[in-house]
Each structure stands twice: as C-alpha cells, then as structure tokens.
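Secondary and tertiary structure notes
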Amino acid sequence: MPKRVNHAERRTEIAEALVRVAGRRGLHAVGMRDVAAEAGVSLRLVQYYFETKEQLLLFGLRHLTERFGERVSARIRAAGEEPGPRAMIEALLTAALPTDLESRTFHHLYTSYAVLAVHDQALAAQPFIKDPDAAEAALVGLLQQAQEAGLLRRGVDTRAEAVSLLAMSAGLGTSILVGQRDPESATAIFDYHLDRIFSPDGGE
C-alpha cells in the first residue's frame, strides 16, 4: 500500500525550507529551486504545491506569522497564570526583538516582505497588511484594559501609544539586527516608555 502523504505537513516543510534559506541568503535572492534543494525535494514537487513563487512567498509569510504568534503565546505563559496588561504588552513587544536565531530570522524576513510588498500589488493586497493592524488592535485593547483598571497615567491616548510602541518595536528590532544596540538596551527603552504610560500609584 502506498504511503499516505500529509499535504499540510509537506506544505509546512517547504515553507520552513523557504524560511531557512531566505534567512541565510535574503528573501529577494531565493528561487523555488533553492527552496526545493533546502527541503530535499524536487523542484517539481515544490511546484505541485505552489504553482508560482508568489504563492510560496504568501504561504511562507502566513507560516512566519503563525510562528510569531506561538512565540508571543509562550512568552505570555512564562509571565505567570494571570499576567496583567503590562506583562502581556511586554511579551508582545519583546517577542519581535531579534534576540536569537528564530527571532532574527523573523525580523529579517518580515522586513523583507514589507519591502517586496511596496512594489508587488499581490503581496500588498494579502493579509500581510492586516497583521500589523491586528497587532495594533491587540495593543490598543490591552492599554484600554489597563486604563479601565486605573493602571495608566491620566490623559493617555491608548491608540496613539499603541502606534508608538509598534513603531518603536520595529525600529529597535532593526537597530539590533544591524548591531547598533543590544537586546538589553532595547528592552530598557521599552521599560522606560512603559513607565511613562503606566502609573506607579494606580492612575495619577
């Protein structure tokens, strides 16, 4: 009896091969043949699952986003059984910092996708654009939760702060990636900014 192929697993294996080879060479320099070689399969098989490089890139982006979500969830679990809004915000922001091989690859490739999307209408029209919006909505929700609990300083604009934090995260991530600063100093900047948002005495 022929072995039954798990197509979802095979697609995931190909996506992971894309992530690995693109992490080494850069997303712009990777072709479907490179991905096939990295995955240890034929080019024909890669083309069976992904008819075009664009389809492969889009699936790879979704896979990368799922891995980031798992990383955030792990950090939230590590924060305790009932982490407060600030701990959850810190988990979300620090998970994106390129502090190890996985997170460096994530930041590098996600930034590369952003650059490609500027000139590729198909990429720009995909959920890639919605993922930052989802992160912003999550941060706004956490800040509003903290505000309702009296944990923020008075007059805090939760949406403006969420946008600022995300922009700060992206900028700090790039500065770590290029060696401008280390993860510890980046985390200290997060702490400094969150200290300005959260009240030390419950709302004043």
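This text goes with the structure placed above it.
These lines cover the structure that appears in this document, whether it is placed above or below. Nothing here was measured: the structure is a model prediction, and the numbers come from that model.

Observations concerning the overall build of the protein chain
Within the protein chain one finds 10 helices and zero strands. Starting at the N terminus, the α and β elements of the protein chain follow one another as α-α-α-α-α-α-α-α-α-α. Taken across its 204 residues, the protein chain has 35% of its residues classed as buried. Approximately 11,600 Å² of the protein chain is accessible, and the part contributed by carbon and sulfur atoms is 52%. The protein chain carries 23 positive and 27 negative side-chain charges, and their two centres are separated by 8 Å.

Focus: the side chain of Thr94
Its place among the elements puts Thr94 in helix α5 (residues 85–95). Every residue in contact with Thr94, bar those within four places of it in the chain, is listed here: Arg75 and Phe190.

Concerning the packing of helix α4 (residues 53–78) against α5
Between α4 and α5, the shortest axis-to-axis distance is 9 Å and the interhelical angle comes to 140°. In terms of their interaxial angle, α4 and α5 are classed as oblique. Once α4 is placed against α5, the crossing between them reads as right-handed. Across from Phe68, Arg71, Val72, Arg75 and Ile76 in α4, the residues of α5 making contact are Met88, Ala91, Leu92, Thr94 and Ala95. Across the contact of α4 with α5, the residue classes break down as seven nonpolar, one polar and two charged.

Looking at the pattern of salt bridges
Two side chains of opposite charge can pair, provided their charged atoms sit close to one another. Under the defined criterion, the tally for this structure stands at 10 salt bridges. With a shortest N-O distance of 3.2 Å, Asp100 and Arg71 are connected by a salt bridge. Of this pair, Asp100 sits in the loop between α5 and α6 (101–119) while Arg71 sits in helix α4; the two residues are 29 residues apart in sequence, bridging distant segments of the chain. In this structure Asp100 comes out as partly exposed when scored by relative accessible area, which is 33%. Judged by its relative accessible area of 13%, Arg71 is buried.

Overview of α4
For α4, spanning 26 residues, the distance from its first C-alpha to its last is 37 Å, which sits close to the expected 38 Å at 1.5 Å a residue. Listed as buried for α4 are Leu56, Leu57, Leu58, Phe59, Gly60, Leu61, His63, Leu64, Phe68, Arg71 and Val72.

A short note on the nonpolar core
Of all hydrophobic cores here, the largest spans 49 residues; its most connected members are Leu18, Val35, Ile89, Leu143, Leu165, Ile197 and Phe198. Sequence-distant contacts of Ile89, defined by excluding residues within four places in its chain, comprise Leu139, Leu142, Leu143, Leu165, Leu194 and Phe198.

A word on the packing of aromatic side chains
Tallying each qualifying case throughout the model produces four aromatic pairs. Their ring planes at 50° and their centres at 5.3 Å tell us that Phe50 and Phe59 sit as a pair that is tilted. Across the pair, Phe59 and Phe50 agree in class, each one buried. Cluster of aromatic residues (ring-pair linked, three or more members): Phe68, Phe106 and Tyr110. Sitting over the ring of Phe59, Arg11 keeps its end group 4.6 Å from the ring centre.

Some thoughts on the side chain of His107
By the element assignment, His107 lies in helix α6. Within the structure, the side chain of His107 is placed 3.2 Å from the backbone nitrogen of Thr174, a separation counted as a polar contact. For His107, the residues in contact, after removing those within four places along its chain, are Ala96, Pro98, Ala170, Gly173, Thr174 and Leu177.

A look at the environment of Arg20
In this structure, Arg20 sits in helix α1 (residues 7–25). Along the backbone, Arg20 and His7 are 13 residues apart, and their C-alpha atoms lie at a distance of 20 Å.

Conventions and cut-offs
- Residues numbered from 1 in each chain as written.
- Predicted model: local features only at pLDDT ≥ 70, side-chain atom pairs only at ≥ 80, totals over all residues.
- Heavy atoms only, no water.
- Helix = DSSP H or I, 4+ residues; strand = E, 2+ residues; numbered from the N terminus.
- Buried < 20%, exposed > 50% of the residue type's maximum accessible area, 1.4 Å probe, protein only.
- Areas by Shrake-Rupley, 256 points an atom, 1.4 Å probe, with all protein chains shown as cover.
- Lys, Arg positive; Asp, Glu negative; His and termini not counted.
- Charge placed at Lys NZ, Arg CZ, Asp CG, Glu CD.
- Contact = heavy atoms within 4.5 Å.
- Axes fitted to C-alpha atoms, helices over the stretch in contact; angles between N-to-C directions.
- Parallel < 35°, antiparallel > 145°, perpendicular 65-115°, else oblique.
- Left-handed = near helix turned anticlockwise from the far one by under 90°.
- Nonpolar A, V, L, I, M, F, W, Y, C, P; charged D, E, K, R; others polar.
- Salt bridge = Lys/Arg side-chain N within 4 Å of Asp/Glu carboxyl O.
- Expected span 1.5 Å × (residues − 1).
- Core = buried A, V, L, I, M, F, W, Y, C linked by side-chain atoms within 4.5 Å.
- Phe/Tyr/Trp six-rings, centres within 6.5 Å; stacked < 30°, edge-to-face > 60°.
- Lys NZ or Arg CZ within 6 Å of the ring centre and 35° of its normal.
- Polar contact = N/O pair within 3.5 Å; in protein donor to acceptor, adjacent residues only side chain to side chain.

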